[in-house]
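# Breakdown of the fold
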Amino acid sequence: MGYRFRLKQASLFDRQLSWLYEMPCRKRHIADLVGQRREYHQARSFWHPFRIILTMREIIKNIISVVTFMIRKNPDCPIIFLDFDGVLSTDNYLDLLRETRSKTYDYWGRLFDPECINCLKRIVDKTEARIVVTSSWRNYLSIWQFILMWKLRNMPGILAGVTPKSSIYRGNEIAKWLNIHRNITNYVIIDDMDYLQFNADQTTHLVTTNHYKGLRPDTTEIALSILKNY
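The paragraphs below set out a description of the structure included in this document. The shown structure was predicted, so the numbers you read here are calculated from the model rather than taken from an experiment. (Residues numbered from 1 in each chain as written. Predicted model: local features only at pLDDT ≥ 70, side-chain atom pairs only at ≥ 80, totals over all residues. Heavy atoms only, no water.)

## Thoughts on the overall build of the protein
Just so we agree on the cut-off: Strands here mean DSSP runs of E at least two residues long; helices mean DSSP runs of H or I at least four residues long; both are numbered from the N terminus. Throughout, exposure labels follow a simple rule: accessible area from a 1.4 Å probe, protein chains only, divided by the maximum for the residue type, with under 20% read as buried, over 50% as exposed, and the rest as partly exposed. Contacts are assigned to residue pairs with any non-hydrogen atoms lying within 4.5 Å of each other. Note on areas: Shrake-Rupley, 1.4 Å probe, and residue coverage restricted to the protein chains presented here.
Secondary structure assignment for the protein yields 7 helices and 5 strands. N-terminal to C-terminal, the α/β element order of the protein is α-α-β-α-α-β-α-β-α-β-β-α. Scored against the burial criterion, the 230 residues of the protein give a buried share of 39%. Partitioning the intrachain contacts of the protein with sequence separation of at least 6 by distance along the chain shows that 71% fall at a separation of at least 24. Here the protein has roughly 14,300 Å² of accessible surface; of this, 58% comes from carbon and sulfur atoms.

## What about the side chain of R138?
Our working rule: Counted as a polar contact is a pair of N or O atoms within 3.5 Å, where, for protein atoms, one must be capable of donating a hydrogen and the other of accepting one, and residues adjacent in sequence contribute only when both atoms are in side chains.
Relative to the elements of secondary structure, R138 occurs in the loop between strand 2 (130-133) and helix 5 (143-152). The exposure class assigned to R138 is buried, which follows from its relative accessible area of 7%. Of the polar contacts made by the side chain of R138, one reaches the backbone oxygen of S135; its length is 2.8 Å. Ignoring any residue separated from it by four or fewer positions in sequence, one finds R138 in contact with V133, F146, V162, T163, P164, K165 and E173.

## Digging into the packing of aromatic side chains
Given two aromatic rings, their pairing is described by the distance between the two centres and the angle made by the two planes. Heads up, the rule is: Only centres within 6.5 Å qualify two rings of Phe, Tyr or Trp (six-membered ring in Trp) as a pair; their planes then separate them into stacked at under 30 degrees, edge-to-face at over 60, and tilted for everything else.
One pass over the full model with this rule turns up 10 aromatic pairs. Here a set of aromatic residues connected by ring pairs shows up, and it is made of F84, F112, W137, Y140, F146 and W150.

## Brief notes about the pairing of strand 1 (residues 79-82)
The condition is simple: Note on pairing: DSSP must find at least two bridges between two strands before they are called paired.
Side chains I79 and F81 project from strand 1 onto one buried face, and the interleaved I80 and L82 project onto a second face that is buried too. Here strand 1 runs beside strand 2; their pairing, made up of 4 bridges, is parallel. Bridge pairing in strand 2 places I79 opposite R130. For strand 1 and strand 4 (residues 187-191), the ladder comprises 4 bridges, and the chain directions are parallel. Bridge pairing in strand 4 places L82 opposite I190.

Next comes the structure, spelled out in structure tokens:
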């Protein structure tokens, strides 16, 4: 009897130990299930009729803006010439995602740093500037894909277009865009490339970000001061 009791205690103890060993795996499994459930409900909520109407409204707003710049009937508004890598997509943020084994990419490319997005939102809210994409992402995404990305990633501001892919120097592409839209004089260039990539008359409009950290409050204030001074 005593032998059976000790055997029963031992088997119970072994089960408790195995439970302890399996806890990290169970936690990860539960976290995965919670994440999948959240994504499922987000996907379902996206197709809610009211949400579809709001989504289409934002997309149409961007399309109208891009088209007005295409046909050169655009308003005289501030412009942000915006790079992505090293400005919105940062190694600092991606390293954190990798540490937690989270995804670092989606359909469009590398994920953007939320802190950098908030800084961009501050500039847009303060100045009502439109955004022209100068990033190398133009090599594989069209302006219409950027419009869709802007909404699905909940990006701030309204797009005005992309710079032409006509030179290895980003400054020349910006100059060509400005030459087409001659009524635009108030603009800022936010990029992680240094002044050597830009024309001499553009350096006073340039805000150079740290490639690892991207757009931060200090560079945000510089961008705001440039737009307000012109």
